[in-house]
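Coordinates in review
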Amino acid sequence: MESIMTFLSTYPEMVYGLSVCFLTFIILKYLIPTPTRTQKFITLVSSGISLGLLFYLLLEKIEWPMMVLAFLASIGFYEMTIKIIMRKLHITYNGEQNK
């Protein structure tokens, strides 16, 4: 448990970027049955803002330029990794099989 806290305090921006990506995926997968492009964008932005505020309140040393870069990286990570994994596992947002 101590190593997790050390990692979190050492690299909060990296944890933030991954958290935004996974929170966006969870919301789109389980809460919005068939998301539109606009809903995906709003979910991503709201995830980034809400987690950014949470990280700001919980952690003392937040560098906002790095947080912005981490947010932009989370967009790329989502596009490149999560969507590829979803295609390989034949998963879609609406629960149907992706062919």
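For the structure given in this document, a descriptive report is provided here. (Residues numbered from 1 in each chain as written. Predicted model: local features only at pLDDT ≥ 70, side-chain atom pairs only at ≥ 80, totals over all residues. Heavy atoms only, no water.)

What tends to happen in soluble globular proteins is that the nonpolar side chains get buried as a cluster. Residues V15, Y16, V20, L44, L51, F55, I62, M67, A70 and F71 constitute the largest nonpolar core, which totals ten residues. Those elements that provide at least two residues to this core are α2 (12–30), α3 (37–58) and α4 (64–88). Non-local contacts of M67, meaning those with residues more than four positions away in its chain, are made with E13, Y16, G52, F55 and I62. Counting eight residues, the second-largest nonpolar core is a separate cluster that includes C21, I27, I32 and I82. (Core = buried A, V, L, I, M, F, W, Y, C linked by side-chain atoms within 4.5 Å. Buried < 20%, exposed > 50% of the residue type's maximum accessible area, 1.4 Å probe, protein only. Helix = DSSP H or I, 4+ residues; strand = E, 2+ residues; numbered from the N terminus. Contact = heavy atoms within 4.5 Å.)

On to α4, then. In this model α4 runs 35 Å from its N-terminal to its C-terminal C-alpha over 25 residues, within 8% of the 36 Å that 1.5 Å per residue would give. Of all bends in α4, the biggest is about 35°, found at Y78. All buried positions along α4 are accounted for by M67, A70, F71, S74, Y78, I82 and M86. (Expected span 1.5 Å × (residues − 1). Bend = angle between axes of the 7 residues up to and from the residue.)

Turning to the packing of aromatic side chains, a few remarks are in order. The tally for this structure, following the rule as stated, stands at three aromatic pairs. Considering the side-chain rings of Y16 and F55, the 5.7 Å spacing of their centres and the 75° angle between planes classify their relative orientation as edge-to-face. One end of the pair, Y16, is in helix α2; the other, F55, is in helix α3, with 39 residues separating them in the sequence. Overall, the relative accessible area of 8% leaves F55 in the buried class. When the ring of F22 is compared with that of F77, the centres are 6.2 Å apart and the planes differ by 80°; the resulting orientation is edge-to-face. Taken together, the residues F22 in helix α2 and F77 in helix α4 connect sequence positions 55 residues apart. The exposure class assigned to F77 is partly exposed, which follows from its relative accessible area of 27%. (Phe/Tyr/Trp six-rings, centres within 6.5 Å; stacked < 30°, edge-to-face > 60°.)

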